[in-house]
Protein chains: 2
Amino acid sequence: MKILVIEDEKLLADSLKTLLESKGFQVEVAYDGETGAEYALLGIYDLLILDVMMPKLNGYQVARQVRAKRCTTSILMLTAKSAVEDRISGLNAGADYYLTKPFDTRELLACINALLRRQGKQVDELVFGNTALDLDTCTLVCGDKSVRLSAREFDVMRFMLQAQDRIVSKEMILARVWGYDSNAVENHVEVYVGFLRKKLKAIGSNVRIEAIRRLGYHLEVEQG
Amino acid sequence: MKILVIEDEKLLADSLKTLLESKGFQVEVAYDGETGAEYALLGIYDLLILDVMMPKLNGYQVARQVRAKRCTTSILMLTAKSAVEDRISGLNAGADYYLTKPFDTRELLACINALLRRQGKQVDELVFGNTALDLDTCTLVCGDKSVRLSAREFDVMRFMLQAQDRIVSKEMILARVWGYDSNAVENHVEVYVGFLRKKLKAIGSNVRIEAIRRLGYHLEVEQG
DNA sequence: GATACCTTATGAAAATTCTGGTGATCGAGG
DNA sequence: CCTCGATCACCAGAATTTTCATAAGGTATC
């Protein structure tokens, strides 16, 4: 689970980082809105924690910018402003939750869990067509047959399943699975899609990974 | 959009119903936790608004019961209890948002919008006539028929749909889709307009791409 | 050191995209 | 109303790009 904290108060930002890392999250920090928005748009985070009052771009602007680019990462807004109007602006700008400082750390963690749960990233299996991906055992299951996936295969498969009906580009898969700063190339994705197709067929799944030229891949249920 | 309100204070429940219906939602009300949980488990609602203090089953219990049955309807908890512990219990019981009474109606509506937005129920699409361009799957949809567009076809179609009623010149399309510095020629546009017309006809769309001599192209809805 | 996994490389295959040409259509001007 | 030039539609095949499948070399792990 990757979380991006966008917060200009260094003290708070760093204590957030420490808190969240102690709970097993991967955390990165941006200290102003502009770099925050830039990071966020990579689309590799599961959650943004976003302060409102910041230099360069404020939190509302960051949220709007992120949503305008059709980035669907969950946003938790965190701010000293407690007026109702501010909460409304935050939610309308695209935030998913609004918490006012000072906040209780247990409440923050409960919010984070609620948001991640809602993303369907905490369930123990992802289902598509007649096939399920068991997140505990990294196994593809179809009827009474099943096959274990390697770590990479699993990451790629999970990302595609989470995208649901949307088309996922190879860049997105690369950024998410290999990391945006790795030097992996698109052929890696192609090879792993090949592996996955083979394993899907082996268990008799009706799920097909369809290639869409220039755009990426797309999951489909085979009709027949 | 269907909303279920579970609230024992009849006055509040009914005013919520009125408010939400005035915003175009379909609303049903349950006046205690037991019947509320029963209704909720039908799985036909897009959102539950759930009071905590209620006879028979309280809000936490309802939420837990709903989640235990793997029902993923969004839950907005609404209560007079404002202690942090209560908010944490609510979120951990499976709620997606926690609002304390008395609440501002505009804030309530902003929350509801945020929750429904997160459900991704509204697909991203451009609509014209009886036809829609699904931006997630790059597909033209008309009734129950649909056809996938190639990357170029999609770019051209999107540009025209975004132009709405305006006439778009071939230069504009070239600049926008192929890039102002490419060496593509106007015939490219003509060819792709041809492709699009064929696909529009194939799905029975009433959208026509009309050529306007010397000026460019224009979308029209065929009258019949 | 055997096994599984990840990365890199390659050529074949497939689909999209581009090209040039031909015939159809339109509108202006006589 | 007819002619002519310009514009547009359409087609078939070429060129290019993208994807697939496979193999082989590295690396980590037990």
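Above: the structure in question.
Note that this is a predicted model, so its numbers are computed, not measured.

Before we move on, can you summarise the sheet that holds strand β4 (residues 74-79) of chain A with the specific residues and values?
Residue and element names in this part refer to chain A. Pairing is parallel across the open sheet formed by five strands, whose spatial order is β2-β1-β3-β4-β5. Each of the sheet's edge strands pairs with one partner strand only, and the pair in question is β2 (26-30) and β5 (97-100). Across the sheet, the mean angle from the axis of one strand to that of its neighbour is 20°, orientation sign disregarded. Here strand β1 (residues 2-6) runs beside β2; their pairing, made up of five bridges, is parallel. Within β2, the residue paired with Ile3 across the bridge is Val27. The sheet strands contacting helix α1 (residues 10-22) are β1, β2, β3 (47-51) and β4, and the helix crosses β2 at an angle near 170°.

Can you break down the pattern of salt bridges residue by residue, with the values?
For the structure shown, the criterion picks out 33 salt bridges over all chains. A salt bridge links Asp14 of chain A to Lys10 of chain A; the shortest N-O distance between them is 2.9 Å. With Asp14 of chain A and Lys10 of chain A both in helix α1 and four residues apart, this pair spans about one turn of that helix. What makes Asp14 of chain A partly exposed here is its relative accessible area of 28%. Arg158 of chain B is the salt-bridge partner of Asp155 of chain B, the closest N and O atoms lying 3.7 Å from each other. Separated by three residues within a single helix, Asp155 of chain B and Arg158 of chain B lie in helix α6 (residues 151-162), roughly one turn from each other. Residue class for Asp155 of chain B comes out partly exposed when judged on its relative accessible area of 22%. Where salt bridges share partners, they join Glu7, Glu9, Asp51 and Lys101 of chain A into one cluster.

What counts, and where the lines are drawn
- The written sequence of each chain sets the order in which its residues are numbered from 1.
- Chain letters start at A and ligand numbers start at 1, both assigned in the order the entries are written.
- Where totals are concerned, whole chains, interfaces and linings use all residues; where local detail is concerned, this predicted model gives features only for residues with pLDDT of at least 70, and gives and counts side-chain atom pairs only at 80 or more.
- Computation of side-chain values: all heavy atoms of the structure, hydrogens and water removed.
- Note on pairing: DSSP must find at least two bridges between two strands before they are called paired.
- For the purposes of this entry, the term helix denotes a DSSP run of H or I that reaches at least four residues, the term strand denotes a run of E that reaches at least two, and both are numbered from the N terminus.
- Every axis corresponds to a line fitted to the C-alpha atoms, with the helix fit spanning only the stretch in contact, and the corresponding angles, defined between N-to-C directions, vary from 0 to 180 degrees.
- Contact criterion: two residues are considered in contact whenever any of their non-hydrogen atoms come within 4.5 Å of each other.
- Each salt bridge in this description consists of a side-chain nitrogen of Lys or Arg and a carboxyl oxygen of Asp or Glu lying within 4 Å of one another.
- Categorising residues by exposure relies on relative accessible area from a 1.4 Å probe, with only protein chains included: less than 20% of the type maximum marks a residue as buried, more than 50% marks it as exposed, and the intermediate range marks it as partly exposed.

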